[in-house]
Amino acid sequence: MTLGRKIVIASVSFFLAVMLLFVQPFTFENIDAGNVGIRINLYGTDKGVDNITLVTGRVWYNAWTTKIIEFPTFTQSVDYDSFVITTKDAAEFKVDPKLNYHINPDKVPQIYRQYRRPLGEIQQGFMKNTIYDAYRIVANSFSSDSVMSNREAFEDRVQNVLTKTLGKDGFIYDQLTSAITPPPSLRQMIDEKNTSIQARLKAENMAKQAEAEAKVIIARAEGQAKATLIKARAEAEANQLRQKTLTPLLIQQEWVSKWNGVLPTTNAGGSTSLMLGIK
């Protein structure tokens, strides 16, 4: 074998080796934490989703015969487009739902078998329709007034429907916000009602305040009257006591104690002599 032929054979062998290195089917997939992967067999008697749910880590597989689909199991938040629901009295409400949920890892193979779609497509397909239907079904059992006055009960009913419907397929409901907006006419009625209630409460508070102030004034007046009466009674009782104790002898003793020893004198004027007979 000539040297040239050897070089050609070596070159071809090297080229084939490089080609085989690049086109060989074996590869790996890194399943991140908070995710699970499922192995899908593309050929053979067990074609379809394998019964093994892959744990996190590096997974080697034959890309020609097998496919790995990764599903997140951590909480997903989906903000859906707003839509309109109709109550049983034909009032139209706008709803802008936002859903938080996560997937049961054990149900991932079942989810893929049933829907054959990535999670993003499932969210905008089956889950979106389920949420819209839940709102519409519950709205048919509520009047417009009851939706506004019992919004918590309305949302609880919707959440119960979603918990049952999504839960059986492996989607675990976490939280739902509705952002319900009533029609303009109903909003105006609500605003007028709230204004009326606030005015009534203000009037009641003012009446209660006036009543309380009047009670304070009455209490003060009653207190002053009682104090005056008590004082008058005390003075009357003191006068009665003094009157009872003022005997003639006591009066004479008081007069004697206050006499300064000087007899009274009378001025008759001029040289007139006035003599009084004393017996």
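What you see is a predicted model, and the numbers here were worked out from it, not measured in a lab.

Reading the values: the criteria
- Residues numbered from 1 in each chain as written.
- Predicted model: local features only at pLDDT ≥ 70, side-chain atom pairs only at ≥ 80, totals over all residues.
- Heavy atoms only, no water.
- Helix = DSSP H or I, 4+ residues; strand = E, 2+ residues; numbered from the N terminus.
- Contact = heavy atoms within 4.5 Å.
- Areas by Shrake-Rupley, 256 points an atom, 1.4 Å probe, with all protein chains shown as cover.
- pLDDT = per-residue confidence, 0-100.
- Salt bridge = Lys/Arg side-chain N within 4 Å of Asp/Glu carboxyl O.
- Buried < 20%, exposed > 50% of the residue type's maximum accessible area, 1.4 Å probe, protein only.
- Axes fitted to C-alpha atoms, helices over the stretch in contact; angles between N-to-C directions.
- Parallel < 35°, antiparallel > 145°, perpendicular 65-115°, else oblique.
- Left-handed = near helix turned anticlockwise from the far one by under 90°.
- Nonpolar A, V, L, I, M, F, W, Y, C, P; charged D, E, K, R; others polar.
- Pairing = 2+ DSSP bridges.
- Arc of directions from axis to C-beta.
- Polar contact = N/O pair within 3.5 Å; in protein donor to acceptor, adjacent residues only side chain to side chain.
- Core = buried A, V, L, I, M, F, W, Y, C linked by side-chain atoms within 4.5 Å.
- Domains from an automatic or database assignment.
- Phe/Tyr/Trp six-rings, centres within 6.5 Å; stacked < 30°, edge-to-face > 60°.

> Mind laying out the overall build of the protein, listing which residues take part and the relevant values?
Along the backbone of the protein there are 7 helices and 10 strands. Long-range pairs, those at least 24 residues apart, make up 72% of the contacts in the protein between residues at least 6 apart in sequence. Working note: accessible area of the protein is about 20,000 Å², and carbon and sulfur atoms make up 57% of it.

> Quick one: what's the story with unusual backbone geometry, residue by residue and with numbers?
Non-glycine residue Ala90 carries a positive phi angle of around 70 degrees. Relative to the helices and strands, Ala90 is located in the loop between strand S7 (83-86) and strand S8 (92-95).

> Got a sec to walk through the confidence of the model for the protein? Specific residues and values, please.
On average, residues of the protein score 78 in pLDDT, and 69% of them are at 70 or above. In the predicted structure, residues 274-279 sits below a pLDDT of 50 and forms 0 contacts with residues beyond four places in sequence or in another chain.

> Describe the pattern of salt bridges, listing the residues and the values that go with them.
Side chains that differ in charge, positive against negative, can pair when their charged atoms come close. Considering all chains together, one arrives at 3 salt bridges under this definition. Glu121 is the salt-bridge partner of Arg117, the closest N and O atoms lying 3.4 Å from each other. Judged by relative accessible area, Arg117 falls into the partly exposed class, the value being 43%. Glu121 sits in the partly exposed class, given a relative accessible area of 47%. With a shortest N-O distance of 3.7 Å, Lys168 and Asp169 are connected by a salt bridge.

> Quick one: what's the story with the packing of helix H3 (residues 119-139) against helix H5 (residues 151-167), residue by residue and with numbers?
Two packed helices can be described by the angle between their axes and the distance between those axes. At a closest axis distance of 9 Å, the pairing of H3 and H5 adopts a crossing angle of 140 degrees. Between H3 and H5, the crossing angle belongs to the class labelled oblique. When you trace H3 past H5, the crossing you get is right-handed. Every residue of H5 that contacts H3 at Phe126, Met127, Thr130, Ile131, Ala134, Tyr135, Val138 and Ala139 is listed here: Phe154, Arg157, Val158, Val161, Leu162, Thr165 and Leu166. Looking at the contact of H3 with H5, its residues break down into 12 nonpolar, 2 polar and 1 charged.

> Tell me about the pairing of strand S9 (residues 98-103), residues and numbers included.
Of the pairings in the sheet, the one linking strand S6 (residues 76-79) to S9 comprises 4 bridges and is antiparallel in character. Directly across from Asp79, in S9, lies its bridge partner Lys98. In the sheet, S9 pairs with strand S10 (residues 171-177) via 6 bridges, with the strands oriented antiparallel. The residue of S10 that forms the bridge with Ile103 is Phe171.

> Outline helix H2 (residues 108-115), supporting the account with residue identities and numerical values.
Residues Val108, Pro109, Ile111, Tyr112 and Tyr115 constitute the buried set of H2. The arc enclosing the buried residues of H2, seen along the axis, measures out at 160 degrees, which places them on a common side. At the C-terminal side of H2, Arg116 shows a positive phi close to 50 degrees.

> Pulling in residues and values, what's your account of the environment of Tyr80?
By the secondary structure assignment, Tyr80 is in the loop between S6 and S7. Under the relative-accessibility criterion, Tyr80 is labelled buried at 2%. Expressed as a C-alpha distance, the spacing of Tyr80 and Leu99, which sit 19 residues apart in the sequence, is 8.0 Å. Other than its neighbours up to four places away in sequence, Tyr80 contacts Asp96, Pro97, Leu99, Gln123, Gln124, Met127, Lys128, Ile131 and Tyr132. A polar contact is formed between the side chain of Tyr80 and the backbone oxygen of Gln123, at a distance of 2.8 Å.

> Give a detailed account of the side chain of Ser178, specifying residues and quantitative values.
Relative to the helices and strands, Ser178 resides in the loop between S10 and helix H6 (184-245). Among the polar contacts made by the side chain of Ser178, one reaches the side chain of Glu155 at a distance of 3.1 Å.

> Break down the environment of Tyr112 for me, citing the residues and quoting the values.
Tracing the sequence through the fold places Tyr112 in helix H2. Sequence-wise, Tyr112 and Ile38 are 74 residues apart; in three dimensions their C-alpha atoms are separated by 8.7 Å.

> Which residues make up the nonpolar core, and what values go with them?
By size, the foremost hydrophobic cluster in this structure holds 39 residues, and its most contacted members are Phe71, Leu99, Tyr135, Phe154 and Phe171. When residues of this core are assigned to domains, at least three fall in each of domain 1 (21-71) and domain 2 (76-182).

> Before we move on, can you summarise the packing of aromatic side chains with the specific residues and values?
According to the stated counting rule, one finds 8 aromatic pairs in the structure shown. Ring centres of Tyr135 and Phe154 lie 6.4 Å apart, and the angle between their planes is 40 degrees; this geometry places the pair in the tilted category. Residue Tyr135 is located in helix H3, and its partner Phe154 is located in helix H5; the two are separated by 19 residues in the primary sequence. On the basis of relative accessible area, Tyr135 is assigned to the buried category, the value being 0%. Given the relative accessible area of 0%, Phe154 is considered buried. Put simply, the rings of Phe83, Tyr132, Tyr135, Phe142 and Phe154 touch in pairs and so form one group of aromatic residues.

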